[in-house]
Amino acid sequence: MNTIHPTAIIGPEVSLGTGNTIGPFTVLEGRVVLGDDNWIGPHVVIGAPGEIRGGDHRTSWADQASESPVVIGSRNVIREFTAVHRGSVRDTLIGDDCYVMNKVYVAHDAIICSGATLSAGVLLAGHVIVGPGANLGLGTCVHQRMGIGAGAMLGMGSVVTRHIPPHAVAFGSPARVQRANEVGLRRRGVDDQLIEALDRALKDSDHDAVRRLVPGDAAVHAAALEANATPGSKLPEDMLGGPR
């Protein structure tokens with residue numbers, strides 16, 4: 001059973017799981033697939049057309065959607081005044097267990113992998129990929145088609161104009177890699193020796209060493225970048241979560 005405020009608008013093509021809470025004046029339109037046990041705050045818009053000049057803007061919100069859907073997994077929190085636009089060439093995806101704070105903008109074709117945190121005012125341009133467990137600080141802006149690796153931490157106000165490797169701390173305008181995300185790595189149970197080695201590799205921009213030290217996360221990051229660069233490429237299923 002879902003708890004839906006009477007002022008919310010749920011379009012005819014929306015597919016809901018169970019246990020979802022949908023707040024006042026929220027709009028789910030077009031093709032939206034929502035998993036289970038999500039909390040969606042007031043004044044959220046999910047499934048509107050992508051902001052593409054010359055793109056399709058339908059005359060009725062109830063019309064058949066021609067673009068790709070928004071697919072959202074389970075146990076996510078999506079706070080008030082957030083907007084998530086549907087895809088233009090692929091699904092816009094949010095995995096499981098993500099925390100999306102207020103006034104976040106997720107553009108068309110973006111992918112937010114499971115466990116990610118987007119702080120208030122984060123802006124993601126089209127085709128951005130946020131890796132599993134990444135944490136984007138207050139007001140971070142990410143340029144289109146950028147990839148942020150698993151477990152990366154972006155400082156508040158960062159302007160991301162280049163790919164961020166897994167488990168890096170980066171900040172600034174433009175954002176630059178500063179060190180390893182020691183706090184996040186320790187929370188994952190990574191030993192100090194590996195953390196120190198990864199810290200050196202990231203500070204030295206030694207990408208080969210990063211791939212050797214965290215091969216799984218580096219491979220997923222590389223696959224994500226390849227998916228953005230090559231039409232028809234698919235992301236590894238285990239990085240996404242949610243219904244397919």
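Every chain's residues receive numbers from 1 upward, in the order its sequence appears when written. Whole-chain, interface and lining totals are the exception, using all residues; otherwise, since this is a predicted model, local features are given only for residues with pLDDT of at least 70 and side-chain atom pairs are given and counted only at 80 or more. Hydrogens and water molecules were not included; the side-chain quantities draw on all heavy atoms of the structure.

1. Things to note about the overall build of the chain
By the criteria applied, helices consist of DSSP H or I runs no shorter than four residues and strands consist of E runs no shorter than two, each listed in order from the N terminus. Along its length, the chain carries four helices and 25 strands. For a compact globule the rule gives 2.2 Å times the number of residues to the power 0.38, and the radius of gyration it is set against comes from C-alpha atoms. In summary, the chain has a C-alpha radius of gyration of 18 Å against a globular reference of 18 Å for 244 residues, a match within 12%. With the C-alpha coordinates aligned to their principal axes, the bounding extent of the chain is approximately 55 × 35 × 30 Å. Burial classification: accessible surface area is computed with a 1.4 Å probe over protein chains only, and a residue below 20% of its type maximum counts as buried, one above 50% as exposed, and the rest as partly exposed. Burial analysis of the chain (244 residues in total) assigns 50% to the buried set. Pairs at least 24 apart in sequence give 25% of the contacts found in the chain among residues at least 6 apart. Split by element, the accessible area of the chain, about 11100 Å² in all, is 54% carbon and sulfur. Within this scheme the basic residues Lys and Arg register as positive and the acidic residues Asp and Glu register as negative, but His and the chain ends are omitted. Taken as the charge location is NZ of Lys, CZ of Arg, CG of Asp or CD of Glu. Averaging the locations of the 21 positively and 25 negatively charged side chains of the chain gives two centres separated by 5 Å. Throughout, a residue-residue contact means that at least one pair of heavy atoms, one from each residue, lies within 4.5 Å. With residues, only the protein chains shown are counted as cover, and all accessible areas are computed by Shrake-Rupley using a 1.4 Å probe.

2. Comments concerning the pairing of strand 24 (residues 168-171)
Across two bridges, strand 22 (residues 153-154) lies against strand 24 in parallel orientation. Opposite L154, over in strand 24, you have A170 as the bridge partner. Pairing between strands is defined by DSSP: at least two bridges between the two strands are required. By the bridge criterion, four bridges tie strand 24 to strand 25 (residues 176-180) in an arrangement that is antiparallel. Residue V169 lies in a different strand from strand 25, and its bridge partner there is R179. In this structure, the hairpin formed by strand 24 and strand 25 is closed by a connection of four residues, where G172 is found at a positive phi of approximately 110°.

3. Thoughts on the side chain of T82
For T82, the location among the structural elements is in the loop between strand 10 (77-78) and strand 11 (83-85). In this structure T82 comes out as buried when scored by relative accessible area, which is 1%. Any pair of N or O atoms that falls within 3.5 Å is considered a polar contact. Within protein, one atom must be able to donate a hydrogen and the other to accept it, and sequence-neighbouring residues count only if both atoms are side-chain atoms. Side-chain polar atoms of T82 contact the backbone oxygen of M101, separated by 3.1 Å. There is a polar contact of 3.4 Å between the side chain of T82 and the backbone nitrogen of V104. Contact partners of T82, with chain neighbours within four places excluded, come to H43, V44, V45, V100, M101, N102, K103 and V104.

4. Some details on the pattern of salt bridges
Here, a salt bridge means any Lys or Arg side-chain nitrogen found within 4 Å of an Asp or Glu carboxyl oxygen. Counted under the stated rule, the structure contains seven salt bridges. Ionic pairing is found between R79 and E80, a salt bridge with its closest N-O pair at 2.9 Å. One salt bridge connects D192 with R186, and the closest N-O pair in it is separated by 3.2 Å. You can call D192 partly exposed: its relative accessible area is 42%.

5. Some points on the sheet that holds strand 22
Pairing within the open sheet is mixed, and its ten strands lie in the order 1-4-7-10-13-16-19-22-24-25. At either margin of the open sheet sits one strand with a lone partner, and together these are strand 1 (3-4) and strand 25. Sitting on the sheet, helix 2 (residues 192-203) touches strand 24 and strand 25, and the angle it makes with strand 25 is about 165°. Interaxial angle, 0 to 180 degrees, is taken between N-to-C directions of lines fitted to C-alpha atoms, where a helix line uses only the stretch in contact.

6. Comments concerning the environment of T7
Here T7 is to be found in the loop between strand 1 and strand 2 (9-10). Residue T7 is classed as partly exposed on the basis of its relative accessible area of 30%. Linking T7 and I22, residues 15 residues apart in sequence, is a C-alpha distance of 9.8 Å. Those residues within four positions of T7 in sequence are excluded, and the remaining contacts are P24 and F25. Within the structure, the side chain of T7 is placed 2.9 Å from the backbone nitrogen of F25, a separation counted as a polar contact.

7. Here we look at the sheet that holds strand 9 (residues 70-72)
The strand order across the open sheet built from seven strands is 3-6-9-12-15-18-21, with neighbouring strands paired in parallel fashion. Across the chains shown, the open sheet's two edge strands, defined by having one partner strand only, are strand 3 (15-16) and strand 21 (147-148). Looking at chain direction, strand 18 (residues 129-130) and strand 21 are connected through two bridges and run parallel. From the neighbouring strand, V130 faces strand 21, where its bridge partner is I148.

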